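Each chain, letter by letter, is given below.
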Amino acid sequence: MIRPSPPDLPSAAGVRRRLSSQARRSELLDAALREFGSRGYYLTQMEHVAATAGVSKALVYQHFPSKEELFAAVTEQVVEGFMSRLPEVLGNAGDALGAWRGAVRLLCDVVTERPEAWALVARHLDNPELGASLRGLRDQVTEVFAGVLASYYSPERGSTASPEEVLEQARLTVPLVVGALQGLMSWWLDHPEVPRAKVEARAVDFGWLGLDRIRRGEWLPLAGD
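Just so it is clear, the structure is predicted and the values come from calculations on it, not from any experiment.

(A) The side chain of Glu-116, seen in detail. Looking at the secondary structure, you find Glu-116 in helix H7 (residues 115-124). Overall, the relative accessible area of 19% leaves Glu-116 in the buried class. Only 2.7 Å separates the side chain of Glu-116 from the side chain of Arg-114, close enough to count as a polar contact. Look past the residues within four positions of Glu-116 in its chain and what remains in contact with it is Leu-33, Arg-34 and Gly-37.

If you want it as structure tokens, here you go:
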């Protein structure tokens, strides 16, 4: 008697992993971050995210009803990821220069650990339609560092500037430096052959010494020297 061959069973590779809702959401956010970072918001479609995550487009829509909501969730994750690490950096700084070195180091960490996150920031920060969450990050960073700068302010003899005036001036100064750092980090992503130590040292020098003192050949010793 000839027995019929058993039906083919689905291979392990073809079976979608069963994840908790939270784990699946995290997986989708990681996939969306890669897609938004590389393609930009307008060229990224939900099917791109689904393909990168290895799931169906319908499953993506179960977690995120629209591309707008998915993008908002991704940017919120990027903001929280950076801001959650900042207090420890500043708490261990010791002084204003230490705070600035720590901030630059953290930014370089973000760029090297998650270049797709930085690419998303660089692409969308100034987009008035999409950058609300990211502009919120910029505002938070500005306020934090303005407070740091003002707290280490050493007034010249005879100065009558009030603490409020000092803080206001710091708020005007910080965005200039943050904007310069944003440009430098984006340039570095396109020139990965440049050693991190050089990029980090130049960023610290620029923020601390200013262009004029750098022009005259002054620079800070590297941290730890």
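There is more to say, and it comes next.
(B) Main features of the environment of Pro-175. Tracing the backbone shows Pro-175 in helix H9 (residues 163-190). The class for Pro-175 is partly exposed, based on a relative accessible area of 39%. In this structure the C-alpha to C-alpha distance between Pro-175 and Phe-145, which are 30 residues apart in sequence, comes to 9.5 Å.

(C) Summary view of the nonpolar core. Core analysis: the biggest nonpolar cluster contains 56 residues, and Phe-36, Leu-70, Val-74, Phe-82 and Met-185 have the highest contact counts within it. Beyond its immediate chain neighbours, meaning those up to four positions away, Phe-82 contacts Leu-106, Leu-107, Val-110, Leu-137 and Val-141.

(D) Region of the structure containing the layout of surface pockets. Roughly 1000 Å³ of internal volume is contained in the largest pocket. Around the largest pocket sit 42 residues that line it, and Trp-100, Val-141, Phe-145, Val-178 and Leu-181 are the ones nearest its centre. Those elements that place two or more of their residues in the lining of the largest pocket are helix H4 (67-83), helix H6 (96-113), H7, helix H8 (132-151), H9 and helix H10 (196-215). Tallying contributions element by element places H9 first for the lining of the largest pocket, with 10 residues.

(E) Region of the structure containing the confidence of the model for the protein chain. Chain-level statistics for the protein chain give a pLDDT mean of 83 and a share of 87% at 70 or above. Contacts from residues 1-15, a stretch scored under 50 in pLDDT, to residues over four places away or in other chains number one contact.

(F) Here's a closer look at the packing of aromatic side chains. All chains considered together, the criterion is met by four aromatic pairs. On the numbers, 5.1 Å between centres and 75° between planes, the contact of Tyr-41 with Phe-71 is edge-to-face. On the criterion of sequence distance, the pair formed by Tyr-41 in the loop between helix H1 (21-39) and helix H2 (46-53) and Phe-71 in helix H4 is long-range, its members being 30 residues apart. When its relative accessible area of 6% is taken as the criterion, Tyr-41 is described as buried. An aromatic cluster of at least three residues, connected via ring pairs, comprises Phe-36, Tyr-41, Tyr-42 and Phe-71. When the ring centre of Tyr-41 is taken as reference, the NZ or CZ atom of Lys-67 above it lies at 4.3 Å.

About the criteria used
- Residues numbered from 1 in each chain as written.
- Predicted model: local features only at pLDDT ≥ 70, side-chain atom pairs only at ≥ 80, totals over all residues.
- Heavy atoms only, no water.
- Helix = DSSP H or I, 4+ residues; strand = E, 2+ residues; numbered from the N terminus.
- Buried < 20%, exposed > 50% of the residue type's maximum accessible area, 1.4 Å probe, protein only.
- Polar contact = N/O pair within 3.5 Å; in protein donor to acceptor, adjacent residues only side chain to side chain.
- Contact = heavy atoms within 4.5 Å.
- Core = buried A, V, L, I, M, F, W, Y, C linked by side-chain atoms within 4.5 Å.
- 1 Å grid on protein atoms, 1.4 Å probe; cavity = no way out; pocket = protein on both sides within 12 Å on 5 of 7 lines; lining within 4 Å.
- Points joined across faces, edges and corners; volume = space filled by probe spheres on them.
- pLDDT = per-residue confidence, 0-100.
- Phe/Tyr/Trp six-rings, centres within 6.5 Å; stacked < 30°, edge-to-face > 60°.
- Lys NZ or Arg CZ within 6 Å of the ring centre and 35° of its normal.

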